[in-house]
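Here is how the chains run, residue by residue.
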Amino acid sequence: MEPVRTCIGTRARAPRSALVRIVAQNGRLVVDPTATLPGRGAWLTPSIDAFESALKRRAFRRALRLDSEPDADELRAYLTRIAPARPIATTEQAERHMDN
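No experiment lies behind these values; they were computed from the predicted model shown. (Residues numbered from 1 in each chain as written. Predicted model: local features only at pLDDT ≥ 70, side-chain atom pairs only at ≥ 80, totals over all residues. Heavy atoms only, no water.)

Draft legend 1. Structural context of the sheet that holds strand 4 (residues 28–32). Taken together, the three strands give an open sheet; going across it, the order is 4-3-5, and neighbouring strands pair in antiparallel fashion. Of all the strands in the sheet, just strand 4 and strand 5 (41–44) have a single pairing partner and so form its edges. The mean inter-strand angle of the sheet, taken between neighbouring strand axes irrespective of direction, is 40°. Direction of pairing for strand 3 (residues 20–25) relative to strand 5: antiparallel, over a ladder of four bridges. Across the sheet, Val23 pairs through a bridge with Gly41, a residue of strand 5. Running at roughly 40° to strand 4, helix 3 (residues 73–82) makes contact with strand 3, strand 4 and strand 5 of the sheet. (Pairing = 2+ DSSP bridges. Helix = DSSP H or I, 4+ residues; strand = E, 2+ residues; numbered from the N terminus. Axes fitted to C-alpha atoms, helices over the stretch in contact; angles between N-to-C directions. Contact = heavy atoms within 4.5 Å.)

Draft legend 2. The arrangement of the packing of helix 1 (residues 48–56) against helix 3 in detail. Contact geometry of helix 1 with helix 3 gives a least axis separation of 9 Å together with a crossing angle of 160°. Viewed along their axes, helix 1 and helix 3 adopt a mutual orientation that is roughly antiparallel. Residues Ile48, Phe51, Glu52 and Leu55 of helix 1 lie in contact with helix 3, whose contacting residues are Leu75, Arg76, Leu79 and Thr80. For the contact of helix 1 with helix 3, the per-class residue count stands at five nonpolar, one polar and two charged. (Parallel < 35°, antiparallel > 145°, perpendicular 65-115°, else oblique. Nonpolar A, V, L, I, M, F, W, Y, C, P; charged D, E, K, R; others polar.)

Draft legend 3. Main features of the packing of aromatic side chains. For the coordinates displayed, the defined rule picks out one aromatic pair. Between Phe51 and Phe60, the ring centres sit 6.0 Å apart and the planes meet at 50°, which makes this aromatic pair tilted. According to the relative accessible area criterion, Phe51 is buried, its value standing at 0%. (Phe/Tyr/Trp six-rings, centres within 6.5 Å; stacked < 30°, edge-to-face > 60°. Buried < 20%, exposed > 50% of the residue type's maximum accessible area, 1.4 Å probe, protein only.)

Draft legend 4. The arrangement of helix 1 in detail. Considered for burial, the residues of helix 1 that qualify are Ala50, Phe51 and Ala54. End-on view of helix 1: buried residues confined to an arc of 100°, all on one side of the axis. Pointing more than 90 degrees away from the buried face of helix 1 are the exposed residues Asp49 and Lys56. Looking at the buried residues of helix 1, the elements they touch are strand 5, helix 2 (59–63) and helix 3. Two residues or fewer past helix 1, Arg58 is found with a positive phi of approximately 60°. (Arc of directions from axis to C-beta.)

Shown next, in the form of structure tokens:
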């Protein structure tokens, strides 16, 4: 059984392997591909739409408990590079994983 997480951009539940973990380091958002970096993390669907939604709602600041808005340029560049290559799991797929 694979752990299920909630995307801070879309609020959809998905298997952990379908999301990317984001942490804040020195005031900027950093992708944590191995999910081992220290600190509080947030999970995001690897798409520009989910990223833009999270920025608009100020979800990164809230989820990571930051005092100010973090620099998201590095994360935007990363998502632009990988978004077309990674499939996105739906909430339906996540629920099937939970049932098994």
